[in-house]
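Residue-level structural notes
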Amino acid sequence: MSPPVAPVGWSRWLVPPAALSVHLSIGQAYAWSVFKPPLESALGLSGTQSALPFQLGIVMLGLSAAFGGTLVERNGPRWAMTVALVCFSSGFLLSALGASLEQYWLIVLGYGFVGGIGLGIGYISPVSTLIKWFPDRPGMATGIAIMGFGGGALIASPWSAQMLESFGSDSSGIALAFLVHGLSYAVFMLLGVLLVRVPRDAAQEAPGTAPHTPTGPRVSANQAIRTPQFWCLWIVLCMNVTAGIGILEKAAPMITDFFADTSTPVSVTAAAGFVALLSAANMAGRIGWSSTSDLIGRKNIYRLYLGVGALMYTLLALFGDSSKPLFVLCALVILSFYGGGFATIPAYLKDLFGTYQVGAIHGRLLTAWSTAGVLGPLIVNWIADRQEAAGRDGASLYGLSFVIMIGLLVVGFVANELVRPVAPRHHVPAPREAAHAERQQSESA
């Protein structure tokens with residue numbers, strides 16, 4: 001499928017809605033926690049087992065983004081969005097079959113493996129195109145798309161909860177909810193497939209834009225992974241994502257457990273609303289904190305994410321079960337940092353490695369997301385299961401996992417402090433410099 005070229009007079013402002021139609025759809029992954037309690041009840045699963053589809057989905061997101069980036073650049077956004085549509089929707093349809101047959105492995109395969117590929121290809125599909133259309137405002141352009149991914153659960157969480165309430169939370173009701181999700185998202189993502197366009201000429205600026213000449217260092221993707229800066233940022237992203245995803249994946253049952261023994265327990269509907277609030281914080285952080293990083297610098301903003309994030313986890317561990325407003329506030333701040341970290345990391349990479357192959361470098365760095373997608377839910381769910389088996393309940397199910405999250409955020413904070421400018425020996429010579437050096441070598445010969 002050849003990339004669709006924009007006709008003369010095509011408005012670049014039609015491209016962000018195309019990106020949003022895909023990212024708002026695949027952002028449903030952040031509402032997985034709404035399905036956890038019904039699946040655990042209907043199929044007799046533990047919290048750790050019910051997290052497997054989400055964990056595998058995030059793993060496949062990172063891997064498919066890392067290894068599929070070249071194909072996305074070569075074949076264009078329409079091809080990538082089509083692949084994302086087919087995989088993401090097929091994942092739901094397979095999951096619907098698995099729930100109907102009460103075969104959990106089909107849900108893991110469908111939602112986690114097949115759907116996860118759709119997540120990864122869909123995540124990176126519009127980013128490069130948006131930068132080409134908005135060379136004068138690349139941060140805003142990528143922020144739009146990444147914000148959509150963060151906000152997907154804002155729609156999906158209450159929608160999923162309403163479907164489970166209407167269809168029932170047994171295996172057949174879950175299957176029907178999965179089926180409706182798969183078909184609905186296919187239609188919505190198709191809008192993006194049909195609408196997306198690339199600029200007429202890569203050398204021609206998009207209408208109404210200012211000339212843009214890449215400046216700064218030029219580091220290739222292959223060379224970048226040989227630098228300590230890349231691995232410091234890998235640790236920074238992994239720790240920040242682990243801290244956020246640990247709450248996000250288990251958000252609904254977590255807030256229910258924290259206040260189960262109080263005079264005002266949290267209902268299923270209120271828990272779904274909490275998930276939607278987290279999604280809003282995730283989405284707002286992607287725009288707000290990444291924009292703030294333009295003013296105070298990338299290293300400083302990550303000091304905020306990691307340092308204040310550790311403080312928020314400390315407050316949750318010590319006082320989270322004593323006040324609902326405090327619990328919700330701390331969780332919202334952590335999730336805003338989680339979203340902000342995703343939106344800021346491309347700019348951090350650009351600052352260090354330049355724009356030469358920043359997309360490919362970003363794809364490789366997203367393997368940190370894959371790792372965090374396993375670590376975060378595993379830490380929270382495994383410890384909660386062990387504590388429950390030991391006879392504990394309520395907030396005590398999560399105390400140890402919160403302490404671990406604090407330690408991980410401190411590790412990320414230290415890694416961020418170790419980031420320095422990339423040494424010139426890692427830079428790729430600019431074309432003019434390379435040509436000049438070649439001429440000098442031939443003249444001396």
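Each value, and the rule that gives it
- Residues numbered from 1 in each chain as written.
- Predicted model: local features only at pLDDT ≥ 70, side-chain atom pairs only at ≥ 80, totals over all residues.
- Heavy atoms only, no water.
- UniProt positions renumbered as here; feature names shortened; annotations may be inferred.
- Helix = DSSP H or I, 4+ residues; strand = E, 2+ residues; numbered from the N terminus.
- Expected span 1.5 Å × (residues − 1).
- Bend = angle between axes of the 7 residues up to and from the residue.
- Polar contact = N/O pair within 3.5 Å; in protein donor to acceptor, adjacent residues only side chain to side chain.
- Contact = heavy atoms within 4.5 Å.
- Axes fitted to C-alpha atoms, helices over the stretch in contact; angles between N-to-C directions.
- Parallel < 35°, antiparallel > 145°, perpendicular 65-115°, else oblique.
- Left-handed = near helix turned anticlockwise from the far one by under 90°.
- Nonpolar A, V, L, I, M, F, W, Y, C, P; charged D, E, K, R; others polar.
- pLDDT = per-residue confidence, 0-100.

In the nomenclature of an unreviewed UniProt entry, the chain is known as OFA family MFS transporter of Streptomyces dubilierae. Of the chain, the UniProt comment under Subcellular location (unreviewed entry) reads exactly: "Cell membrane".

**A few points about helix α15 (residues 324-353)**
Relative to the 44 Å expected for 30 residues at 1.5 Å per residue, α15 spans 43 Å between its end C-alpha atoms, a close match to the ideal helical length. The sharpest bend along α15 reaches about 35° and sits at Thr-344, with the proline Pro-346 one to four residues further on. The N-cap residue of α15 is Ser-323: its side-chain oxygen and the backbone nitrogen of Leu-326 are 3.3 Å apart. Positive backbone phi, approximately 80°, marks Gly-354, located one or two places after α15.

**Observations concerning the side chain of Thr-227**
With respect to the element layout, Thr-227 can be found in the loop between α10 (221-224) and α11 (228-248). Non-local contacts of Thr-227, meaning those with residues more than four positions away in its chain, are made with Phe-353, Val-422 and His-426.

**Some points on the packing of α15 against helix α16 (residues 358-365)**
At a closest axis distance of 10 Å, the pairing of α15 and α16 adopts a crossing angle of 125°. The orientation of α15 with respect to α16, classified from their angle, is oblique. In the crossing of α15 with α16, the sense of the turn from one axis to the other is right-handed. Counting all contacts with α15, which are made through Ile-345, Pro-346, Leu-349, Lys-350 and Phe-353, the residues of α16 involved are Val-358, Ile-361, His-362 and Leu-365. Of the residues that constitute the contact of α15 with α16, the class distribution is 7 nonpolar, 1 polar and 1 charged.

**Section: the confidence of the model for the chain**
With 90% of its residues at a pLDDT of 70 or more, the chain has an overall mean of 85. pLDDT under 50 marks residues 202-213. Its contacts with residues more than four places away, or in other chains, come to 18 contacts. Here residues 440-445 scores under 50 on pLDDT; set against residues more than four positions off or in separate chains, the count is 0 contacts.

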